[in-house]
Amino acid sequence: MGNPMRIRASVQEGVTEVKVLMQHEMETGLRKDADGKLVPAWHITELKALHNGKTVLEGQFGTAVSKNPYLVFRFKGGVQGDKILVNWIDNKGDTRSDEVEIS
Amino acid sequence: MQFMAHQKIWASFYNAGGNLINMERRKALKTGGGLGLLGLFTAIGLIRPGMAWAKYEASAFDAKSMAETLDALGVVTPESNLSVHLTVPEIAENGAVVPVSVASFLEHTEQIYILVEKNPNVLAANFVFPDGTESFVTTRVKMRETSSVIALVKANGKFYRATKEVKVTAGGCGG
Amino acid sequence: MNTHTWKCAIFIFALATYCSDALADGSASDEIAKYREMISDGNPAEFDEMRGEDLWKKPSGPNKTSMQKCELGKGEGIVKGAYAELPRYFPDTDRVQDLESRLLTCMTTLQGIPEKDITSKPFGNENYKPDIESYVAYVVGQSKGVKMNVPLKHPKEKEAYEIGKRIFSYRAGPYDFACTTCHGQDNLRIRMQDLPNFNNKKDSQAAYVSWPAYRVSQGLFRSFQWRLNDCFRQQRFPEPEYASEMTIALAMFMATNANDAIYAGPGLKR
């Protein structure tokens, strides 16, 4: 299982802003290690954010998204205490889900 | 300056003979090993049935050039549009972390793609916006070298774009 | 211009011309400032803070003790705001200690970990994360927003400050460099990076309160001791010993000069 994310969600004037910081190496597959061997590609491929179970964002990442990916998005609605769940999958089949309440 | 950058990119859409590369829509996108994985997630209850993922656009993410990428995405010559706002730094101190924000003010924006022209794989990320989600996203991408960054927006089934150049410095010592 | 200044100017000029993308000074600096502002949110150092906080509470070492009883200067177990008052004099060890040297004391005395086990590999790489570095991330994060208030009262604190000040302008090494060679005047830079002038209060404050930091080029959280070591490396000095008296004195000088600024770390650096 992947390492925990940091998710912050806050609502202002009816719009919820979600900031997600994920822990992932996001290896491009083009980098060489100290022994000169290629480090295989290892990156998040897909992610999904849900507000009280309803999809509010879907994302697909290639190898060019930075290490420890960061994401900000906004959706209409949401009240304090509502649940925001973020889930990602990487190309090795690893996955991670974290949930926070809107503040 | 800006104009020149555009010309350069869009020139790359044409092959040597000056003909427009075949850009017919291609729907045959591989999902790779994704299906088995999704099945597994559904089985362990991580993803509820009905919470289907958009297909991972593997062929577009694997594409090497701008032309190949657009071809894989089924893009027919996107128009530059002032309603697509792309925010990037003019200079990135480090190519490993380049902040990119895209906001689309086009109605019915369905997707936002972020592309880096001179990266080994041009397509960096793709975001899908359901109704109710603002067509805005901020993320960070890696850039191999100074290049144009393109925000490609799909709205009402059509594609639009905004382009900006980001200079990537090698970075010095100290800090 | 004395010969000393010339040396730095030539050194920096060589680096600047090496960078083919060099732009006109003013605008480039502004654009880099904008870039830094844009990446300031969402600092991956938060993960090091999280890891450090978990470890802090976990019994560890031969004594199976947590770090919760570690005295960082504000009383046993008080982490909040502690970094903003370090380095300082500690009566139990009868010496001035910076954060890393104090953590070393806690890890050896409370947890019973042999000092060599920690000091032989105190800095992380992509495959290795030393606990002390995560403790650093956690502790400094607990001073975010706190005004720097390093005490300069005890005679040993004053002594450390004076030693640090002298080291800062101590010229040595194959290039006859000192910290002040590049950090003692305004408007110097290496390639695209403006160099802070530590004779200037504002520069000193801005530099100090943004370290320790996550380095995006390395994808790693870096401690203050690591930062000092890197300066010595660039001056072609021998690498200082971890948490040595010399580095503590230097930290004392730099931290005191940052007094009254609001601590803002962990920072995020290129």
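Refer to the structure printed above.
Because the structure is a prediction, the values reported are computed rather than measured.

A. A look at the overall build of chain C. Counting its secondary structure elements, chain C contains 11 helices and seven strands. At 19 Å, chain C has a C-alpha radius of gyration in line with the 18 Å of a compact globule built from 270 residues. With respect to the three principal axes, the spread of C-alpha positions in chain C is 55 × 40 × 35 Å. Taken across its 270 residues, chain C has 41% of its residues classed as buried. A separation threshold of at least 6 residues defines the contact pool for chain C, and within that pool the share at least 24 residues apart is 69%.

B. The arrangement of the overall build of chain B in detail. For chain B, the count of helices and strands is four helices and nine strands. Listed N to C, the secondary structure of chain B is α-α-α-α-β-β-β-β-β-β-β-β-β in terms of helices and strands. Burial statistics for chain B: of 175 residues in total, 43% are counted as buried.

C. A look at the interface of chain A and chain B. If you look at the interface, chain A gives 31 residues, while chain B gives 33 residues. When contributions to the side of chain A that touches chain B are tallied by element, the ones reaching two or more residues are strand S3 (44-51), strand S4 (54-61), strand S5 (70-76), strand S6 (83-90) and strand S7 (95-101) of chain A. When grouped by side-chain class, the residues that make up the side of chain A that touches chain B number 13 nonpolar, 12 polar and six charged. When S5(A) meets strand S7 (residues 136-141) of chain B, the two strands line up antiparallel, connected through two bridges. Looking at the pairing, Val72(A) lines up with Thr138(B) of S7(B).

D. Just the sheet that holds strand S7 (residues 267-269) of chain C, in detail. Residue and element names in this part refer to chain C. If you trace the three strands from one edge of the open sheet to the other, you get S6-S5-S7, paired in mixed fashion. The open sheet has two free edges, formed respectively by strand S6 (220-222) and S7, since each of these has just one partner strand. Put simply, the sheet's adjacent strands are angled 30 degrees from each other on average, direction ignored. Here three bridges tie strand S5 (residues 213-215) to S6, and the two strands are oriented antiparallel to one another. Residue pairing in the sheet places Arg215 in a bridge with Leu220 of S6.

E. Inspection of the nonpolar core at higher detail. In terms of nonpolar packing, the biggest core is built from 124 residues, with Val141(B), Ala151(B) and Val139(C) touching the most fellow members. Top contributing element to this core by residue count: helix H11 (residues 245-257) of chain C, with eight residues. With residues near it in sequence (within four places) discarded, Val141(B) still touches Ala64(A), Val65(A), Ser66(A), Val98(B), Val100(B), Ile114(B), Val116(B), Ala124(B) and Ala125(B).

F. Layout of the sheet that holds strand S4 (residues 98-104) of chain B. Strand order in this open sheet of six strands is S1(A)-S2(A)-S5(A)-S7(B)-S4(B)-S2(B), and the pairing throughout is antiparallel. Two strands lie at the open edges of the sheet, namely strand S1 (6-12) of chain A together with strand S2 (84-87) of chain B, each paired on one side alone. The mean angle between the axes of side-by-side strands here comes to 15 degrees, regardless of whether they run parallel or antiparallel. With seven bridges joining them, S1(A) and strand S2 (residues 15-21) of chain A adopt antiparallel strand pairing. Each residue of the ladder has a partner; that of Ile7(A), found in S2(A), is Val20(A).

G. Spatial organisation of the environment of Ser217(C). Tracing the backbone through its elements, the reader meets Ser217(C) in the loop between S5 and S6. Taking C-alpha positions, Ser217(C) is 17 Å from Cys231(C), a pair spaced 14 residues apart along the chain.

H. The arrangement of the packing of helix H4 (residues 99-109) of chain C against helix H6 (residues 131-141) of chain C in detail. All names here are of chain C. Remark: H4 packs on H6, axes separated minimally by 10 Å, with the N-to-C direction vectors making an angle of 120 degrees. It follows from the interaxial angle that H4 and H6 lie oblique. Crossing angle aside, the handedness with which H4 passes H6 is right-handed. The residues of H6 that touch H4, namely those facing Leu99, Glu100, Leu103 and Met107, are Ile132, Tyr135, Val136 and Val139. Residue composition of the contact of H4 with H6, by class: seven nonpolar, no polar and one charged.

So, how was this worked out
- Per chain, the residues get numbers from 1 upward, laid out in the order the sequence is written.
- To read the labels, note that chains go from A and ligands from 1, taken in the order they are written.
- Confidence filtering applies because this is a predicted model: local features only for residues at pLDDT of at least 70, side-chain atom pairs given and counted only at 80 or more, and all residues used for totals across whole chains, interfaces and linings.
- Numbering goes from the N terminus for both helices and strands, where a helix is a DSSP run of H or I of at least four residues and a strand is a run of E of at least two.
- Radius of gyration: C-alpha atoms only; globule rule: 2.2 Å multiplied by the number of residues to the exponent 0.38.
- Once C-beta atoms are placed from the backbone, each residue is buried if 20 or more other C-beta atoms lie within 10 Å of its own, exposed if 12 or fewer, and partly exposed for counts between those two.
- We call two residues in contact when their backbone-placed C-beta atoms lie within 7 Å.
- Residue polarity follows a fixed list, in which Ala, Val, Leu, Ile, Met, Phe, Trp, Tyr, Cys and Pro are nonpolar, Asp, Glu, Lys and Arg are charged, and the others, Gly among them, are polar.
- Pairing between strands is defined by DSSP: at least two bridges between them are needed.
- Axis definition: a line fitted to C-alpha atoms, over the contacting stretch in the case of helices. Angles run 0 to 180 degrees between N-to-C directions.
- We define the nonpolar core as any set of buried residues of the types Ala, Val, Leu, Ile, Met, Phe, Trp, Tyr and Cys, connected via C-beta atoms lying within 7 Å of each other.
- Every angle not falling under 35 degrees, over 145, or within 65 to 115 is termed oblique; those three ranges are roughly parallel, roughly antiparallel and roughly perpendicular.
- Take the far helix as the reference: if the near one is turned anticlockwise from it by less than a right angle, the crossing is left-handed, and if turned clockwise, right-handed.

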